[in-house]
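If you want the building blocks of each chain, they are given just below.
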Amino acid sequence: MMSNHLKFINLAHDVASKNLGKTFPNPTVGCVISKNNIIISKAVTSATGRPHAEEIALKKAGKKAKGAIMYVTLEPCFHNSQNGSCADQILRSGINKIYISCIDEDPRTKKKSISKLKKNKIKVITGIEKDKTISVNNFYFKSLKKKKPFTKVKMAISNDNKIAWSNYKSKWISNSKSRAYVHSLREKTQAILTTSKTILIDNPRFTVRKKNKIIKNLNVIIIDKNLNIPLNINLLKNLHERRVIIFTSKKNNKSQKLKQLGCEIIEMKIVNNKFDLKKIFSHIYQLKISDLMVEAGGILFADLIKNNLVDEILLFKAPYIIGEKGVPVIEGNSLNNIKKKLLEIIKFDDNLYLKYAIK
């Protein structure tokens, strides 16, 4: 019998993975409801974060839910929503047993739903395939714990750990397969963090593209101390489809024009000619952004490392040798000095993708 429960909870995880990167700032959750070992409904958290997977699955199951078993990857919510909490909806449905992979660390829910379900005579089993829930929603658990966005630094580097030639004229270091994979990573990211320097050099669009077709304009956060970005950059052409948030120390006519275009301007004080990055990250989290990919240069990378603000490093390594005059991947430091754990390696022809967790 246990093999069936494992099969259904694993199916719930498979369902959850379908909306990975679409439910921000909520985690993606999968739910399966079965009766007499036959699946009667299954659902994933809506791409907007609501409704939750349990609510959708219960609606699909209808009256058949009475006496059934629910399998869900994360503890059902305890806080109120339009139709009441998921815990209350489960109680009303007549579900008599529930398998929950992982406890929700959100203090609004943490163990409260489990306690309520048990008090109302529903049998609750927790912990089956817990690691899968944590792995899929790594951003959620880490950002909730640290009260800052889960942050990945993405870099394309040469074999001698440079990100560009000294004149910045090199457009691509990585190959086309690596760049295609970058777009799949972007698709699972809530926002891009960059700097005005990167924008002035590259004028990036920060989109998700598939087969040269734009399928998503990503939210972008720009650190622009002196408000140097021009008003005609690519990022400002689709503000109806994305958020552009600018951290600056300047309040002038340009900041007003950027606001009129639809940018969110956040003024921050500078100390010793620098922003307090920890304060910026705390502010980003308050804006309900819990997942960042950093696409910038070695100076920001170094500052983020110094401030313990990096969770993962994503490297695309090409076989070129740029030489001593090239731009270093991390200004004033070496990748070898960073304590990190290799999580994944993928080969894209002559390129290597190396994913590291910061220890």
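**Q** Lay out a nonpolar patch on the surface with the relevant residues and their values.
**A** Side chains of Leu-342, Ile-345 and Leu-352 sit close together on the surface and give an oily, nonpolar patch of about 250 Å² of accessible area. Considering the arrangement of structural elements, one finds Leu-342 in strand β19 (residues 340-348). Using a relative accessible area of 40% as the deciding quantity, one classes Leu-342 as partly exposed.

**Q** Please provide a residue-by-residue account of the pattern of salt bridges, values included.
**A** One pass over the structure, following the stated rule, counts 13 salt bridges. Asp-106 is paired through a salt bridge with Arg-108; the nearest N and O atoms lie 2.7 Å apart. Classification of Asp-106 as buried rests on a relative accessible area of 8%. Taking the shortest distance from any N to any O, the salt bridge between Glu-129 and Lys-132 comes out at 4.0 Å. For Glu-129, a relative accessible area of 25% puts it in the partly exposed group. When salt bridges that share partners are traced, they join Lys-146, Lys-148 and Asp-311 into one network.

**Q** A description of the packing of aromatic side chains should follow, citing residues and the corresponding values.
**A** How two aromatic rings sit relative to each other is set out by the distance from centre to centre and by the angle between their planes. All chains considered together, the criterion is met by nine aromatic pairs. Relative to Phe-139, the ring of Phe-24 has its centre 4.8 Å away and its plane inclined at 75 degrees; by these criteria the two rings are edge-to-face. Highlighted residues: Phe-24 in the loop between α1 (2-17) and β1 (30-35) and Phe-139 in helix α6 (residues 138-146), separated in sequence by 115 residues. Centre to centre, the rings of Tyr-71 and Tyr-99 are 5.1 Å apart; their planes meet at 15 degrees, and the pair counts as stacked. With Tyr-71 in strand β3 (residues 69-74) and Tyr-99 in strand β4 (residues 97-102), this pair connects stretches of sequence that are 28 residues apart. These aromatic residues form a ring-pair network of at least three members: Phe-24, Phe-139, Tyr-140 and Phe-141. Over the aromatic face of Tyr-356 sits the side chain of Lys-340, whose NZ or CZ is 5.3 Å from the ring centroid.

**Q** If you had to explain the environment of Leu-236 to someone new, which residues and values would you point to?
**A** Checked against the element boundaries, Leu-236 lands in the loop between β11 (219-223) and β12 (244-248). A sequence separation of 26 residues divides Leu-236 from Gly-262, and the C-alpha atoms of the two residues are 8.5 Å apart. Discounting chain neighbours no more than four positions away, the residues touching Leu-236 are Pro-230, Leu-231, Val-244, Leu-258, Leu-261 and Cys-263.

Procedures and definitions
Residues numbered from 1 in each chain as written. Predicted model: local features only at pLDDT ≥ 70, side-chain atom pairs only at ≥ 80, totals over all residues. Heavy atoms only, no water. Patch = residues over 30% accessible without salt bridge, like charges linked within 9 Å, V, L, I, M, F, W, Y side chains within 5 Å. Areas by Shrake-Rupley, 256 points an atom, 1.4 Å probe, with all protein chains shown as cover. Salt bridge = Lys/Arg side-chain N within 4 Å of Asp/Glu carboxyl O. Helix = DSSP H or I, 4+ residues; strand = E, 2+ residues; numbered from the N terminus. Buried < 20%, exposed > 50% of the residue type's maximum accessible area, 1.4 Å probe, protein only. Phe/Tyr/Trp six-rings, centres within 6.5 Å; stacked < 30°, edge-to-face > 60°. Lys NZ or Arg CZ within 6 Å of the ring centre and 35° of its normal. Contact = heavy atoms within 4.5 Å.

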